[in-house]
Amino acid sequence: MQFSEHNNTIKITVPVSLAAISAAEIQQHINNNGYERCLVLQDQLTNLLVEYQQIQQKIKENLLTENSKELSYRIAEKRDAELTFDISEDKMMATAIITAAWGGAPVSANDLVKSAQANGIAFGFSKEQIIKLVSYAAKAEPGSKVKLLIARGRAMVPGVNSRFEPLLAEMESRRNRPVVKTDEKADLRDFGVIPAIRTGEAIMRRHPPTAGVAGMLVTGEMIPATPGLHLEWQLGEGVELAPADGDLLLAARDGLPRVIEAGATVDEVFTVKNVDLATGHIVFRGSVVVNGNVTEGMKVVAGGNVFVKGMVEGTLIEAGGDITINGSVIGHQLAQAEQQSEYSTELKATGDIQCNLAQYSRISCGGNLYVSKQLMHCAVEAAIVYAGPEDNPNGKLVGGYFYLDQGLFCGNLGAPSSSAVLVKLNRQLDPIVEKQDVLRASVAAERTEMEDIRQQLEKLKKIEGNAQIEMRRLELIANFDEHKELAVSLINDIKILEAQRQEKLAELLIVVRQQLFSAVEIHFGKEQVKSRREYGPSKVVLVDGHPSIEPL
């Protein structure tokens, strides 16, 4: 067998003899002559074998002599590698697909880039990915397809709105962490000085919004960045802008600084040794500092923060900011032990609440509740509850009712005595569900109206038509369409709320680092789980839509 090559076509010449030949033998000769990666033309190979057998038969019949006739066929072809591209729908990714060569020229990295540019890909090329792709394709089986991402767009980064930076570290909500001094032992009751500021001191700086970073599609089109918004100051009482700098906020009076949205305020400070029968109830528009205790039956109501260095047995502590109690909160149970229990002591804060220990108290805050050691049989409403240090929650939560936004982190949850604990992570979910219920009732009302109109239209069909009947029919159809449009809009609103509900459900988490006892009931929306035995370190999360107690 002889082979010749012309214009990427390989031709075979075979003299016909009485020796049999097979497709495998021809394939072996193709491989031996260096054409193993070429594309064998199967139809030509079949025709060659058929004609060879026909002529061989004539030789056997002595009609032809051996080797007197040669057969020439196009047996194989060299085909160069083929290159195509796929650009994602959002034009943020471009993929190259190489069909490996049949003995022909492979695709080089330079060829790939030039072809990509010719196909509209102009930005975000990855040199490493391109080299990897052409290397894989050069070694791949002939005719196989190799695919790899070769270019990625740059996502647009929106600008950041004006940022307000407190210039006093103490303005940030303090956590119950003892002050560590290098030359002395730590005093576990010393959480640092209560923040204070004097007239004229800088309190907050406004940083300008950023322009953002423009994005770029792989096609080279730019995605303009959305600039951040310039936010105006929201000035509270006791502050003023610096005369020469509209982005600098100064204290206009002595007092306690407090961060508010887009600004700050300086609360006037009322300081008292103890709150007892001698002082009476404290109701003050600014912040209140109690250097001692709040005794039984007493109230402290402040527009700003409340700091109590001792313990609280009073009836009510209410703050427009945060409540910080260095000591314990000692309440007493007045009625049954469930979420509607009555307690002798109540804490209410717009911000966070921090204390060392609390028992038999009703605690409600817009922010988080931080308890250093233990919480016993309390009714709590908060965003998140931390029992123990925030970075290592190892405190104890014994009994009580919790109505929370997102979660709970502690060392022990429950008690060996199986004290009942009810945790509802529904404070953000319930308003959404209530809105959905209202919307569903509205949808049902609209469907009732639509059904009524439909029945009226059915009745009109039985009446012989005239101008008035036709006019009435058109009115009913228009009315029906209005109700239908409203119903569709309400259903879409329900779907949007449901998406929000699912997002919030996915954020819910309870972490118990040491021991989760029995008789702890936990609600994730309408779903619930109850511990019926003791567990080690655990977390409670949604698994396939149902709350589950999982090992930590």
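Whatever comes next refers back to the structure up there.
Here is what the cut-offs are and how they apply
- Residues numbered from 1 in each chain as written.
- Predicted model: local features only at pLDDT ≥ 70, side-chain atom pairs only at ≥ 80, totals over all residues.
- Heavy atoms only, no water.
- Phe/Tyr/Trp six-rings, centres within 6.5 Å; stacked < 30°, edge-to-face > 60°.
- Helix = DSSP H or I, 4+ residues; strand = E, 2+ residues; numbered from the N terminus.
- Buried < 20%, exposed > 50% of the residue type's maximum accessible area, 1.4 Å probe, protein only.
- Pairing = 2+ DSSP bridges.
- Axes fitted to C-alpha atoms, helices over the stretch in contact; angles between N-to-C directions.
- Contact = heavy atoms within 4.5 Å.
- Polar contact = N/O pair within 3.5 Å; in protein donor to acceptor, adjacent residues only side chain to side chain.

A. Expanded view of the packing of aromatic side chains. All chains considered together, the criterion is met by five aromatic pairs. Ring plane angle 10° and centroid distance 5.3 Å describe the contact between Tyr 386 and Phe 409, whose orientation is recorded as stacked. You can see Tyr 386 sitting in strand β28 (residues 379-387) and its partner Phe 409 sitting in strand β30 (residues 400-413), a full 23 residues away along the chain. Phe 409 matches Tyr 386 in its accessibility class, with the two residues each being buried.

B. Just the sheet that holds strand β5 (residues 82-87), in detail. Across the sheet, three strands lie side by side as β5-β6-β7; this open sheet has antiparallel pairing. The two strands at the open ends of the sheet, each matched to only one other strand, are β5 and β7 (145-152). Neighbouring strand axes in the sheet, compared pairwise and without regard to direction, differ in orientation by 25° on average. By the bridge criterion, seven bridges tie strand β6 (residues 93-99) to β7 in an arrangement that is antiparallel. Among the inter-strand pairings, Ile 97 is bridged to a residue of β7, identified as Lys 147. Sheet strands touched by helix α3 (residues 109-118): β5, β6 and β7. Its angle to β5, the strand with the most contacts, is close to 50°. Packing against the sheet, helix α4 (residues 127-139) makes contact with β6 and β7, and its axis sits at approximately 170° to β7.

C. Spatial organisation of the environment of Lys 309. Position of Lys 309 relative to the elements: it lies in the loop between β20 (306-308) and β21 (316-319). The spatial distance from the C-alpha of Lys 309 to the C-alpha of Val 266 is 21 Å, given a sequence separation of 43 residues. Here the side chain of Lys 309 touches Asn 291 through a polar contact of 3.4 Å, side chain to side chain.

D. Quick peek at the side chain of Thr 99. Tracing the sequence through the fold places Thr 99 in strand β6. Aside from chain neighbours lying at most four places away, what touches Thr 99 is Ala 81, Glu 82, Gly 143, Ser 144 and Lys 145.

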